[in-house]
Amino acid sequence: EKEDIPDSTIREYRQKRGFDDSDIVVVFVGGLGWRKGCFDILEAAPKIVEARPQVKFLLVGGDDYPGEFENIKSQAEKNGLGDKVFLTGQASREEVTTYMMMSQIFLLPTYREGAPIAIIEAMRASLPIITTPVGGIPDMVTDGYNGILIQPGRPDQIVETVVRLVDDAELRVKLGKTGLEVFNRSFSTKSAIEQLTRIYQKIEAI
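It should be emphasised that the depicted structure is a prediction, and the values quoted were computed from it without experimental measurement.

Visitor: Go over the overall build of the protein chain with me, naming the residues and quoting the values.
Guide: Within the protein chain one finds 8 helices and 6 strands. Walking the protein chain from its N terminus toward its C terminus, one meets helices and strands in the order α-β-α-β-α-β-α-β-α-β-β-α-α-α. Counting all 206 residues of the protein chain, 52% fall into the buried class. Accessible surface computed for the protein chain: about 10,300 Å², of which carbon and sulfur atoms make up 49%.

Take a look at the structure:
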């Protein structure tokens, strides 16, 4: 089931990061660096905030490779995004969950991937997902069902898709609700126990 984080905690986190109730928060979770598409986010962000000033970006995580966190921080400032892009650094699991719950859109425009735990966390938080069809992601996210798939290395598609979800609250809710259903069906503790039980039953039947 969806994680139960008190509304007061979510409000406190939003206020601490300088977000007000009208802001649409786009959250990224993972190692910050080129491999995860973070520089593509920074390239897309000025166009997004120019079109939709209520959008702010929350990048949660430390270095993907040494020095990349500082490179991204300086690039954000160079792009004039100091009050629009917020970097948290390393975060605990509880903090990640709270950051997810205080956000409206999850964004992972990654180039190379296995099966990202961050996507599972995003589904658990009922967030609409924007990501790329690389590695194991197509087994987790179905375009138009529980997220929207874009191509890696396409900041223009990040702009188009984020603006689309900002404008369409109904679509955000629909994708997030389906994502939570996928989480409960395939990735929850209950689901894992059921899958293990079926495996043991098959072994016993041999």
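Visitor: Let's hear about the pattern of salt bridges: which residues, and what values?
Guide: Following the criterion strictly, the structure yields 7 salt bridges and no others. Residue aspartate 156 is joined to arginine 154 by a salt bridge in which the shortest nitrogen-to-oxygen separation is 2.6 Å. Overall, aspartate 156 belongs to the partly exposed group, its relative accessible area being 41%.

Visitor: Mind laying out the nonpolar core, listing which residues take part and the relevant values?
Guide: By size, the foremost hydrophobic cluster in this structure holds 65 residues, and its most contacted members are Phe57, Leu58, Met100, Phe106 and Ile119. With sequence-adjacent residues up to four places away left out, leucine 58 is seen in contact with Arg17, Phe19, Val25, Val26, Val27, Phe28, Phe86, Thr88, Tyr99, Met102 and Ser103.

Visitor: How would you sum up a nonpolar patch on the surface? Please name residues and give values.
Guide: Where nonpolar side chains cluster on the molecular surface, the patch consists of Trp34, Tyr65 and Tyr111 and spans about 290 Å² of accessible area. As for its placement among the helices and strands, tryptophan 34 is situated in the loop between strand S1 (24-29) and helix H2 (38-51). The exposure class of tryptophan 34 is partly exposed, given its relative accessible area of 40%.

Visitor: Can you explain the layout of surface pockets? Please cite residues and give values.
Guide: If you add up the space inside the largest pocket, you get close to 230 Å³. Taken together, 14 residues line the largest pocket, and the ones lying closest to its centre are Ser103, Gln104, Ser126, Leu127 and Pro128. For the lining of the largest pocket, the residue count by class is 7 nonpolar, 4 polar and 3 charged.

Visitor: An account of the environment of phenylalanine 183 is needed here, citing residue identities and associated values.
Guide: Note that phenylalanine 183 resides in helix H7 (residues 169-186). Between the C-alpha atom of phenylalanine 183 and that of methionine 140, which follows or precedes it by 43 residues, the distance is 9.2 Å.

Visitor: Let's hear about helix H1 (residues 7-16): which residues, and what values?
Guide: Every buried residue belonging to H1 is among Ile10, Tyr13 and Arg14, and all of these are buried. The buried side chains of H1 occupy one side of the element, clustering within an arc of 100° when seen end-on. Structural note: H1 exposes Gln15 and Lys16 on the side pointing more than 90 degrees away from its buried face. Buried positions along H1 lie against S1 and helix H4 (93-101). Remark: glycine 18 follows H1 within two positions and exhibits a positive phi of approximately 80°.

Visitor: Can you explain the packing of aromatic side chains? Please cite residues and give values.
Guide: As enumerated under the stated definition, the model contains 3 aromatic pairs in all. Between the aromatic rings of phenylalanine 19 and phenylalanine 86, the centroid separation amounts to 5.0 Å while the plane-to-plane angle is 90°, which identifies the pairing as edge-to-face. Of this pair, phenylalanine 19 sits in the loop between H1 and S1 while phenylalanine 86 sits in strand S3 (residues 85-89), and the two are 67 residues apart along the sequence. Considered together, phenylalanine 19 and phenylalanine 86 belong to a single accessibility category, that of buried residues. The residue whose ring lies beneath lysine 16 is tyrosine 13, and the NZ or CZ to ring-centre distance is 4.6 Å.

Rules used in this analysis
- Residues numbered from 1 in each chain as written.
- Predicted model: local features only at pLDDT ≥ 70, side-chain atom pairs only at ≥ 80, totals over all residues.
- Heavy atoms only, no water.
- Helix = DSSP H or I, 4+ residues; strand = E, 2+ residues; numbered from the N terminus.
- Buried < 20%, exposed > 50% of the residue type's maximum accessible area, 1.4 Å probe, protein only.
- Areas by Shrake-Rupley, 256 points an atom, 1.4 Å probe, with all protein chains shown as cover.
- Salt bridge = Lys/Arg side-chain N within 4 Å of Asp/Glu carboxyl O.
- Core = buried A, V, L, I, M, F, W, Y, C linked by side-chain atoms within 4.5 Å.
- Contact = heavy atoms within 4.5 Å.
- Patch = residues over 30% accessible without salt bridge, like charges linked within 9 Å, V, L, I, M, F, W, Y side chains within 5 Å.
- 1 Å grid on protein atoms, 1.4 Å probe; cavity = no way out; pocket = protein on both sides within 12 Å on 5 of 7 lines; lining within 4 Å.
- Points joined across faces, edges and corners; volume = space filled by probe spheres on them.
- Nonpolar A, V, L, I, M, F, W, Y, C, P; charged D, E, K, R; others polar.
- Arc of directions from axis to C-beta.
- Phe/Tyr/Trp six-rings, centres within 6.5 Å; stacked < 30°, edge-to-face > 60°.
- Lys NZ or Arg CZ within 6 Å of the ring centre and 35° of its normal.

Shape descriptors only; they carry no functional weight alone.
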